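# Residue-level structure breakdown
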Amino acid sequence: MSYINGYAYLVGLTAVVITLAWTSATFIFDIANTLNITQIESQGANVGLYIGLIVAATLYNLLGLRFSAYLNKFMVGWVLVGTLVIIIAVPVMAPTHQSAKWVFTEFTNNTGYTNNGIVFFIGMLQAGWALVGYETGAQIVEGTKNAAVTAPRGIIICVIGAIVQGFALILSTMFSIQDVNELLDSSMPVATFFLRATKSPAITAFFLVILLVTQIGSLCNSVLAAAHFAWSMSRDGCLPFSGFLYKLRGDNHIAANSFFFIMVICIIIILPSFASAVYWQAIMSAAVISINVSYALPLLCRLIWSRHTMPKGPFSLGKWGVPLNIISVLWACFFGVILCIPSVSPVTPEAMNWASLMIGGVMIFSIFFWFISGRRKFSGHIQTADAVEAVPAEK
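Residues numbered from 1 in each chain as written. Predicted model: local features only at pLDDT ≥ 70, side-chain atom pairs only at ≥ 80, totals over all residues. Heavy atoms only, no water.

### Topic: the pattern of salt bridges
Tallying each qualifying case throughout the model produces two salt bridges. The shortest N-O distance in the salt bridge between Asp236 and Arg235 comes to 3.2 Å. Arg235 gets classed as buried once you look at its relative accessible area, which sits at 13%. (Salt bridge = Lys/Arg side-chain N within 4 Å of Asp/Glu carboxyl O. Buried < 20%, exposed > 50% of the residue type's maximum accessible area, 1.4 Å probe, protein only.)

### Section: the packing of helix α10 (residues 201-235) against helix α12 (residues 256-270)
Remark: α10 packs on α12, axes separated minimally by 8 Å, with the N-to-C direction vectors making an angle of 115 degrees. Like other packed secondary-structure pairs, α10 and α12 cross with a definite hand, here right-handed. Residues Val223, Leu224, Ala226, Ala227, His228, Ala230 and Trp231 of α10 form the contact with α12, whose own contacting residues are Ser258, Phe259, Phe261 and Ile262. Each residue belonging to the contact of α10 with α12 can be placed in one class, and the counts come to nine nonpolar, two polar and no charged. (Axes fitted to C-alpha atoms, helices over the stretch in contact; angles between N-to-C directions. Helix = DSSP H or I, 4+ residues; strand = E, 2+ residues; numbered from the N terminus. Left-handed = near helix turned anticlockwise from the far one by under 90°. Contact = heavy atoms within 4.5 Å. Nonpolar A, V, L, I, M, F, W, Y, C, P; charged D, E, K, R; others polar.)

### Some points on the nonpolar core
As a rule of thumb, nonpolar side chains are buried together in soluble globular proteins. Tyr50, Ile54 and Leu219 are the most contacted members of the largest nonpolar core, which totals 55 residues. If you list the elements that add at least two residues to this core, you get α1 (2-35), α2 (43-61), α3 (65-93), α10, α12, α13 (279-305) and α15 (355-377). Per-element accounting of this core gives the leading share, 14 residues, to α1. Aside from chain neighbours lying at most four places away, what touches Tyr50 is Ile18, Ala21, Trp22, Ala25, Cys266, Ile267 and Ile270. Core analysis: the second largest hydrophobic core is formed by 20 residues, Trp102, Met188, Phe194 and Phe207 among them. (Core = buried A, V, L, I, M, F, W, Y, C linked by side-chain atoms within 4.5 Å.)

### Describing the packing of α2 against α12
One can describe the packing of α2 onto α12 by two numbers: an axis separation of 10 Å at closest approach and a directional angle of 170 degrees. Viewed along their axes, α2 and α12 adopt a mutual orientation that is roughly antiparallel. When α2 is examined against α12, the residues Val47, Tyr50, Ile51, Ile54, Val55, Thr58 and Asn61 are found in contact with a partner set consisting of Phe259, Phe260, Met263, Cys266, Ile267 and Ile270. (Parallel < 35°, antiparallel > 145°, perpendicular 65-115°, else oblique.)

### What about a nonpolar patch on the surface?
On the surface, Leu80, Val81, Leu84, Ile88, Val92 and Met93 cluster together into a nonpolar patch covering about 580 Å² of accessible area. Relative to the elements of secondary structure, Val92 occurs in helix α3. (Patch = residues over 30% accessible without salt bridge, like charges linked within 9 Å, V, L, I, M, F, W, Y side chains within 5 Å. Areas by Shrake-Rupley, 256 points an atom, 1.4 Å probe, with all protein chains shown as cover.)

### Points about α10
Taking 1.5 Å per residue as the helical rise, α10 with its 35 residues ought to reach 51 Å, and the 50 Å between its terminal C-alpha atoms agrees with that figure. Trailing α10 by a residue or two, Gly237 shows a phi angle of about 75 degrees, which is positive. (Expected span 1.5 Å × (residues − 1).)

### Here we look at α12
With 15 residues, α12 should cover 21 Å at 1.5 Å per step; its first-to-last C-alpha distance of 22 Å lies within 8% of that length. Restricting attention to buried positions, one finds in α12 the residues Ala256, Asn257, Ser258, Phe259, Ile262, Met263, Cys266, Ile267 and Ile270.

### What about the packing of aromatic side chains?
The full count for this structure, using the stated rule, is 14 aromatic pairs. An angle of 85 degrees between the planes, with centres 4.9 Å apart, marks the rings of Tyr9 and Phe229 as edge-to-face. A residue pair is termed long-range when its members are at least 10 positions apart, and Tyr9 in helix α1 and Phe229 in helix α10 qualify at 220 residues. Judged by its relative accessible area of 9%, Tyr9 falls in the buried class. Residues Trp231 and Tyr246 carry aromatic rings whose centres are separated by 4.9 Å and whose planes lie at 20 degrees to one another, so their mutual orientation is stacked. Of this pair, Trp231 sits in helix α10 while Tyr246 sits in the loop between α11 (242-245) and α12, and the two are 15 residues apart along the sequence. (Phe/Tyr/Trp six-rings, centres within 6.5 Å; stacked < 30°, edge-to-face > 60°.)

### Looking at the state of the cysteines
The full count for this structure, using the stated rule, is zero disulfides. Here Cys238 stays unpaired: no disulfide links it, and the sulfur of Cys301, its closest cysteine neighbor, is 15 Å away. Just so you know, Cys266 is unpaired, no disulfide at all, and the nearest cysteine sulfur is the one on Cys220, 13 Å from it. With a relative accessible area of 0%, Cys266 lands in the buried category. (Disulfide = S-S within 2.5 Å.)

### Concerning unusual backbone geometry
The amide bond that connects Ser345 to the next residue, Pro346, takes the cis arrangement and shows omega of 0 degrees. Residue position: Pro346 is located in the loop between α14 (321-338) and α15. The backbone phi angle of Lys199 is positive, close to 60 degrees, even though this residue is not glycine. Among the secondary structure elements, Lys199 is positioned in the loop between α9 (189-198) and α10. You can call Lys199 exposed: its relative accessible area is 60%.

### Regarding the side chain of Thr34
Along the chain, Thr34 turns up in helix α1. A polar contact of 2.6 Å, which involves the side chain of Thr34, links it to the backbone oxygen of Asp30. Not counting the four nearest positions on each side in its chain, Thr34 is found in contact with Met188, Ala191, Pro201, Thr204 and Leu208. (Polar contact = N/O pair within 3.5 Å; in protein donor to acceptor, adjacent residues only side chain to side chain.)

### Here we look at the environment of Ser172
For Ser172, the position within the fold is in helix α7 (residues 147-176). Separated by 84 residues in the primary sequence, Ser172 and Ile88 have C-alpha atoms spaced 7.6 Å apart. Sequence-distant contacts of Ser172, defined by excluding residues within four places in its chain, comprise Ile86, Ile87, Val90 and Pro91.

Structure, rendered in structure tokens:
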């Protein structure tokens, strides 16, 4: 089960990288189109810029963890100040404001589905996107005091902070929308929203730069996370060519092969977007589904095999642990199904949500690779560097 869970998490991290790179490329073109009369609407140009961003993020991470630390320190201040600027400035500059009744009660359905309940759940993709990644805090607390307590507390604080920040940003946006139909019909809705609210192409570009820098910072960190996780799986002999992917390069002992592996995979996966403009939406769905699956599987194993026997650490949910685990597993199962539903009706090959096919393909491959290699070579997580040499690697 841990073998399959590793593949699910790796798929999720890779899909996150793809989504961040694609949206970053979109923001760059939105800035250019906002400031210039000549509009750029080429799918090929978008894919080309996407590839350039993937390559740039990979090369930046090859500089080492010290530069990643510099980036993170910068991003803390950038995100905090940028969020405050947008939350405050946009409503102040908006020429008109929506009513509280419209913000909190209006329901618009332009999907083609007649069932508003289905539409409501399909629309939760963006909310689900904002509820992944908090577990990464546990990966960087090993050197802190009382890590067994600070890690879960940090996760809880991050979730609460994201709820507060997200709610403020949503309210600021909703009250400042000028024409919702125009946004739905626009090829660059975010830029259109800022442009109508501020009446200034220059200020619109400034707001888009805030979002762009945030996305690029997240992209660099996501590439780092995906490559390091691929390296960890190769260390345990879980991936094809694990011996090659596990090698470290340079004086800083960087997992360069794993970085290039993630880069190539991300470039190959985006190529079908030439056939469907909504293809990347399926990738975003795949990211949320895969990561939620990787969250749910350990909880499911706990409920089945060690519901009452799992040792408790310094931080414990007490009597609420098992009920919350059950709720989490049920939610992940339900949410995974919802995110596989096509976003529009009637469904066409171009508008089909291919997330289930992509995830199913990877899961089938992980099971197939388990039977031909993993069941003989995978013996669980490797704890020490000395033990790595004892693990047979894929040639």
